[in-house]
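For reference, the chains in residue letters:
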Amino acid sequence: MVAATAESSNGLLCFTNCLLPQEDGSLVEKDLWIDEHRGVILDAQRTFYLRKQRPHRIVDLGGNILSPGFIDIQINGGFGFDFSVYEGDQQYRDGLKHVAENIVETGVTAVVPTIITQEKSLYAKILRLLRPWSPPNAAHLLGWHAEGPFLQMTKRGAHSPPLIIPASEGYKTFEAIYQPENLTDTEDWLMRDDAGLETVGARIITAAPEIEGVMAAIPEVSKRGICFNIGHSICSTDTATAAVQNGARCITHLFNAMPQLHHRDPSIIGLLGSSPYVAAKPASLPCFTNKTKSKTRSSTPMKVVFPGPYASEAFDDIRTPPQTPMRRDHHPRGRRNLSDVISSPSTMPTTPSESACSGESERMPFSPFERPFYELIVDGVHSHPNSVRLAYSAHPEGCILITDAMKILDPHLKDGIYEWRDGRRFYKDGDRLYLEGTTTLAGSVVTMDKCVRNFSRFTGCSLAEAIKCATLNPAKCLGIENKKGTLRAGAHADLVVLDRHGEVLGTWVMGKVVWERN
């Protein structure tokens, strides 16, 4: 219900009779004020008591939930458009606009378009088009997420094997692939209100830290405000820990395209259980280069089976068996493995106070180890519900929900057989996509609002806690939590109205209604 007051229009709108998700995961019955003209959330008390202003419009939400809009930081396409396919500048921008206009129906108000491993020439063409952009009445396009080409061959998923390469010259190789003009020298660009088509769009880069040159590039990526994600990797716990200490901030689609959890070396997944008392200065870890004819192939003997071009990007265990992490049987003279450093009483303080009292801080200064964020595809297919709950129980503050959706994402697409490309067809069965005539999964088609509902059901957490994993947590990961994913005063008025079951009733972007359920 919308009511207008007698005052002349001042652009002030008050949502009332609603539940607001808080940053601690609770729901509070409270009004929310926004400025429709500026598209921002207001401090209601300051506006009413200090500025002596009343809202021009009052929206009664009937006891439903008013949440920050969802943010999807890994999505490959949707509504018939693939972010990794370039057929011309205008066609690409039209495709971006089409996705942004339609995805608001699922409660998503901001996306980071993700491109998988490409030919070098295509990066220059695509990345310059993936700069921050907010089409009218549509979700914000925040920039780009480049997944590849610095990946581990044995965990490549659907990435093309000939295009997977090492970063032989460290960050210089990153610049050579993504092009310097698509990167940035500083991090002050992160979320400027005046961001336009000339703003650099580098948001996230996913790479395997054990690949030659990648570990050395992580600090350079991180200091430029770009989120470095660990993914498509078989690195050991030591290497994953060193990557985080070098600046890695997130794990790409946890459980997928990485080793399974092993009790002696939990690999990337084990980062969720890391102690804060990890040595502040890790031992210098060697890069795990592959000593085979192809520099990108694993040194572990294995029959290489190339996936079809339509296999799921994240699913790879269908094609390559689960592996234990890459390990070294010996260490170069004078160099120790990180596990040796951690287990050594002379370098590893039990607590910060013990470190200070013993004087060990002079040699090994204590700095709490911050566990990385991690992405989860909560469709019930890519990760078992028990695995989802296990991860969330270990590290709730780091959980980020993603769809990793393919171009056929569309909540109105009915089950059945559909044309794909090059004469290929697929069939849709609920949230599962298969190549026609096979049991090979072709990717995800789950929507973000369904991920939120699934997550609450799989983990037993409240709906507000699930909402946090699709709003505040991804915003924090990107460093934009003062503008997106929050109901803080001054943040963008990107909002989604949900019923008590988490079904989307309406979506607002910058204080304007962009979608409503009939």
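Residues numbered from 1 in each chain as written. Predicted model: local features only at pLDDT ≥ 70, side-chain atom pairs only at ≥ 80, totals over all residues. Heavy atoms only, no water.

(A) Broad picture of the pairing of strand β18 (residues 373–377). The buried fraction of β18 is high, at five of five residues. The alternating pattern of β18 places F373, E375 and I377 and Y374 and L376 on opposite faces, both of which are buried. Relative to strand β19 (residues 399–402), β18 runs parallel, the two being bridged by four bridges. Within β19, the position partnered with Y374 by the bridge is C399. Taking the sense of rotation as the criterion, the β-α-β connection linking β18, helix α9 (residues 385–394) and β19 turns out right-handed. (Buried < 20%, exposed > 50% of the residue type's maximum accessible area, 1.4 Å probe, protein only. Helix = DSSP H or I, 4+ residues; strand = E, 2+ residues; numbered from the N terminus. Pairing = 2+ DSSP bridges. Right-handed = clockwise from strand over helix to strand, strands pointing away.)

(B) Spatial organisation of the environment of F373. Tracing the backbone through its elements, the reader meets F373 in strand β18. Separated by 27 residues in the primary sequence, F373 and I400 have C-alpha atoms spaced 7.0 Å apart.

(C) Here's a closer look at the side chain of N182. Mapping N182 onto the fold places it in the loop between α4 (171–178) and β15 (202–207). Aside from chain neighbours lying at most four places away, what touches N182 is Y123, A124, L127, R128, R131, W144, V200 and A202. (Contact = heavy atoms within 4.5 Å.)

(D) Quick look at the pattern of salt bridges. Inspection of every chain in the model, using the stated rule, returns 13 salt bridges. Its salt-bridge partner being R488, residue E23 comes within 2.7 Å of it at the nearest N-O pair. Of the two residues, E23 sits in the loop between β3 (19–21) and β4 (27–29) while R488 sits in the loop between α12 (472–478) and β24 (495–498), which places them 465 residues apart along the sequence. In this structure E23 comes out as partly exposed when scored by relative accessible area, which is 32%. Residue classification places R488 among the partly exposed positions, given a relative accessible area of 27%. Residues D415 and K428 are paired through a salt bridge, measuring 3.2 Å at the closest nitrogen-oxygen approach. Residue D415 is located in the loop between β19 and β20 (416–419), and its partner K428 is located in strand β21 (residues 425–429); the two are separated by 13 residues in the primary sequence. Residue classification places D415 among the partly exposed positions, given a relative accessible area of 46%. Among the ionic contacts, a cluster of salt bridges with common partners joins E220, K223 and R224. (Salt bridge = Lys/Arg side-chain N within 4 Å of Asp/Glu carboxyl O.)

(E) Geometry of the environment of Y392. Relative to the helices and strands, Y392 resides in helix α9. Under the relative-accessibility criterion, Y392 is labelled buried at 13%. In contact with Y392, other than residues within four places in its own chain, are Y374, C399, F455, T459, C461, E465 and C469.

(F) Quick look at the confidence of the model for the protein. Averaged over the protein, the pLDDT score is 84; the fraction of residues at 70 or greater is 78%. The model gives residues 288–310 a pLDDT under 50, and that stretch makes 56 contacts with residues more than four places away or in other chains. pLDDT under 50 marks residues 328–362. Its contacts with residues more than four places away, or in other chains, come to 49 contacts. (pLDDT = per-residue confidence, 0-100.)

(G) Local environment of the nonpolar core. With 92 residues, the main nonpolar core has Y178, L401 and F455 as its most contacted residues. Apart from the residues within four sequence positions on either side, Y178 is in contact with Y123, L127, W144, A146, G148, P149, F150, L183 and I205. Membership of the second largest hydrophobic core comes to 17 residues, among which are A110, V112, I204 and I400. (Core = buried A, V, L, I, M, F, W, Y, C linked by side-chain atoms within 4.5 Å.)

(H) Region of interest: the packing of aromatic side chains. One pass over the structure, following the stated rule, counts 12 aromatic pairs. Summarising the aromatic geometry, the rings of F81 and Y92 are spaced 5.2 Å apart at their centres and angled 75° between planes, so their arrangement reads as edge-to-face. Of the two residues, F81 sits in strand β11 (residues 81–82) while Y92 sits in helix α2 (residues 89–103), which places them 11 residues apart along the sequence. Pairing W144 with Y178 gives two aromatic rings, centres 5.7 Å apart and planes at 45°, and the pair type is tilted. Of this pair, W144 sits in strand β14 (residues 144–147) while Y178 is found in helix α4, placing the two residues 34 residues apart along the sequence. (Phe/Tyr/Trp six-rings, centres within 6.5 Å; stacked < 30°, edge-to-face > 60°.)

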